[in-house]
Amino acid sequence: MTDDRWRSPLGTRYASPAMQTLWGERHRIGLWRRLWLALAETERELGLDIPEQAIAQMRAHLDDADLEVAARYERRFRHDVMAHIHAFGEQAPAARPYLHLGATSAFVTDNADLIVMRDGLRLLLGRLIAVLAALERFATRHARLPCLAYTHFQPAQLTTVGKRATLWMQDFAIDVEEVSRRIETMRLRGCKGTTGTQASFLELFGGSHDKVRELDQRVAARMGFAASFPVTGQTYTRKTDSAVLDTLSGIAQSAAKLAGDLRLLQHEGELLEPFESEQIGSSAMAYKRNPMRAERISGLARFVISLQANTAHTAASQWLERTLDDSSNRRLTLPEGFLATDAILVLATNIAAGIEVREEVIRRHVDEQMPFMATERWLMLGVAGGGDRQSLHDVIRQHSLVVAEAVSRGAPNDLLDRLATDPAFRSVPAAALRAELDPAHYTGRAAQQVGEFLDEYLDPLLRRARPLAVEAETAEVRV
């Protein structure tokens, strides 16, 4: 087989086999056949004369659709649903007169899309839990390791490596909350008929509104949904697609934040993403170790975030009970959004499980800035020794500016020595100044916040979320 035609890198490089299968053609047609079976079974239960043989033949051919036969029918009919009705009818001839009875194309297309999105969210939830599990181990291990905290990417005060990780985790945990809510509230389109009035089903059941309502409820339950949409046009509201892409965009935002921070910290030499033993960082610069996984997350996240506006425009532009300008767009946007988000979380798990911590570099960076961090405590010591607060502040400011300039040019930080010999601090022993340079005195409640975050917030959240999730297999990351 040659690669003459373009193939999406989401399929060839990035997304997992599980997510690709979920959005694949064979799985989708299998869902169509299950929906037709659920419809026929329920119509029979509610009194329509559908033979048991028809039901049995449908059950026997749920997963063996001949896609080539269906493709030949589609070339003739120019209609994908009718093509598959005929192909199914060939395999289940006793069911042929009853297939799709009372339904419109959206019965299979829309309902199947909702099932795939629900199951896709369950898979993504499993991946989110895997990312959080890896980050939890990382945060616990480094909960007390002091590091520079940055504002504006300028050294500010101190935090700990573990506390910083909880900031990433909190973003992903918010995504867990959102994905869980989407799964729990997902509705099936159900059995609504051509323009959503259920007129065809009302005619089938001789005007019995109760049976039509029961049909809608039972089919939804058969397909694993607690409810269907109360009302639809021909299609379910495309605000659902927009809301789901909001959720995927949120995951992409969280991952992009993690990836961006890691790219900055890898430049600083403090945290490095995993690097394979034979991995090549550059075809020209053999010495390079690039943060390619984090960079790939950044690129894929930008793509997912951009898709949200697409589904929002689709939801906003639907005409009356139905217009077909959504169809071709959704065939691209929905699967690509899920596949790209899946790829992002596979990468994020791989990174989180293998972050390399360069403690000696972190410590050196802290030591370089530690005298600046200690100035407020030194100011208090000077005041306690009888000095004037405003005068001492000005002395510290003048020395700090000179030292900061020197440090920026590669000189050592000698602020302590300068202050120890300044007449304004003659009442404060140098040893007392030096005692204030312990980084552990400057991380506040960072270590305690890690434990509280994990015990009081994250663990209870994940206990609630796990039953909704599909446990995600470890997918290979292509370098």
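Everything quoted here is computed from the prediction, not taken from an experiment.

This part takes up the pairing of strand S1 (residues 146-151). Here S1 pairs with strand S2 (residues 154-160) via five bridges, running antiparallel. Bridge pairing links Leu148 to Leu158 in S2. Taking the residues that link successive antiparallel strands as the turn, the S1-S2 hairpin has two residues, and the phi of His152 there is positive, at about 60 degrees.

A few words now on the environment of Met186. If you trace the backbone, Met186 turns up in the loop between helix H8 (161-185) and helix H9 (199-204). Placed 43 residues apart in sequence, Met186 and Phe229 show a C-alpha to C-alpha distance of 9.1 Å. Residues contacting Met186, with those up to four places away along its chain left out, are Leu114, Met117, Arg118, Leu121, Phe225, Thr240 and Val244.

Turning our attention to helix H3 (residues 25-45). Given a rise of 1.5 Å per residue, 21 residues ought to cover 30 Å, and the 30 Å separating the end C-alpha atoms of H3 matches this to within 8%. In the segment just after H3, Gly47 is the residue with positive phi, at about 115 degrees.

A word on the pattern of salt bridges. Evaluation of the coordinates by the stated rule reveals 30 salt bridges. In this structure, the salt-bridge partner of Arg59 is Glu52, at a minimum N-O distance of 3.4 Å. Since its relative accessible area comes to 37%, Glu52 is described here as partly exposed. The residue Glu214 makes a salt bridge to Arg218 at a minimum N-O spacing of 2.8 Å. With Glu214 and Arg218 both in helix H10 (residues 209-222), this residue pair falls four residues apart, about one helical turn. According to the relative accessible area criterion, Arg218 is partly exposed, its value standing at 29%. Ionic contacts of the salt-bridge type, sharing partners, join the residues Glu41, Arg44, Glu45, Glu52, Arg59, Glu214, Arg218 and Arg222 into one network.

Positive phi values are uncommon outside glycine, yet His100 reaches one of about 70 degrees. When its relative accessible area of 14% is taken as the criterion, His100 is described as buried.

With 95% of its residues at a pLDDT of at least 70, the chain reaches an overall mean of 92. Mean pLDDT values for the elements of the chain range from 87 in helix H18 (residues 430-435) up to 98 in H8. Per-residue pLDDT stays below 50 along residues 282-288; that stretch engages in three contacts with residues further than four places along the chain or on separate chains.

On to the packing of H3 against helix H4 (residues 52-60), then. Across the interface, H3 lies against H4 with an axial gap of 10 Å and an inter-helix angle of 160 degrees. Considering their axes alone, H3 and H4 lie roughly antiparallel with respect to each other. Along this stretch, H3 crosses H4, giving a crossing that reads as left-handed. Only Glu52, Ile55, Met58 and Arg59 of H4 make contact with H3, whose side of the interface consists of Trp36, Leu37, Ala40, Glu41 and Arg44. Tallied by class, the residues present in the contact of H3 with H4 amount to five nonpolar, no polar and four charged.

Another aspect to go through is the packing of aromatic side chains. By the definition in use, this model includes seven aromatic pairs. With a centroid separation of 6.2 Å and an interplanar angle of 75 degrees, the aromatic rings of Trp32 and Trp36 are classed as edge-to-face. Of the two residues, Trp32 and Trp36 are both situated in helix H3; the distance of four residues between them amounts to about one turn of the helix. Take Trp32 and Trp36: they sit in the same class, and that class is buried. Seen from their ring centres, Phe453 and Tyr457 are 5.4 Å apart, and the 55 degrees between their planes marks the pair as tilted. You can see Phe453 and its partner Tyr457 sitting in helix H19 (residues 446-465), four residues apart, about one turn around the helix. On the basis of relative accessible area, Tyr457 is assigned to the partly exposed category, the value being 23%. Positioned over the ring face of Tyr442 is Arg377, at 4.5 Å from the centre of the ring.

About the cut-offs
Sequence order as written defines the numbering, with residues in each chain counted from 1. Where local features are concerned, this predicted model is filtered to residues with pLDDT of at least 70; where side-chain atom pairs are given and counted, the filter is 80 or more; whole-chain, interface and lining totals use all residues. Calculated side-chain values reflect all of the structure's heavy atoms, with hydrogen atoms and water omitted. When DSSP finds two or more bridges between a pair of strands, those strands are recorded as paired. In DSSP terms, a helix is any run of H or I states spanning at least four residues, a strand is any run of E spanning at least two, and both are numbered starting from the N terminus. We call two residues in contact whenever any of their non-hydrogen atoms come within 4.5 Å of each other. To estimate the expected span of a helix, subtract one from its residue number and multiply by 1.5 Å. Note on definitions: salt bridges are taken to be side-chain nitrogens of Lys or Arg within 4 Å of carboxyl oxygens of Asp or Glu. Partly exposed describes any residue whose relative accessible area lies between the buried limit of under 20% and the exposed limit of over 50%, with all areas from a 1.4 Å probe on protein chains only and scaled to the type maximum. Values of pLDDT, the confidence the predictor places in each residue, fall between 0 and 100. Only C-alpha atoms enter the line fits that serve as axes; for helices the fit covers just the stretch in contact. Angles between N-to-C directions range over 0 to 180 degrees. Roughly parallel covers angles under 35 degrees, roughly antiparallel covers those over 145, roughly perpendicular covers 65 to 115, and oblique covers all other angles. Handedness of a helix crossing follows the sense of rotation of the near helix relative to the far helix, less than a right angle counterclockwise being left-handed and clockwise being right-handed. Residues are grouped as follows: nonpolar covers Ala, Val, Leu, Ile, Met, Phe, Trp, Tyr, Cys and Pro; charged covers Asp, Glu, Lys and Arg; every other residue, Gly included, is treated as polar. For Phe, Tyr and Trp, where Trp contributes only its six-membered ring, two rings pair if their centres lie within 6.5 Å, and the inter-plane angle classes them as stacked under 30 degrees, edge-to-face over 60, or tilted in between. Here, a charge over a ring means that NZ of Lys or CZ of Arg falls within 6 Å of the ring centre while also lying within 35 degrees of the ring normal.

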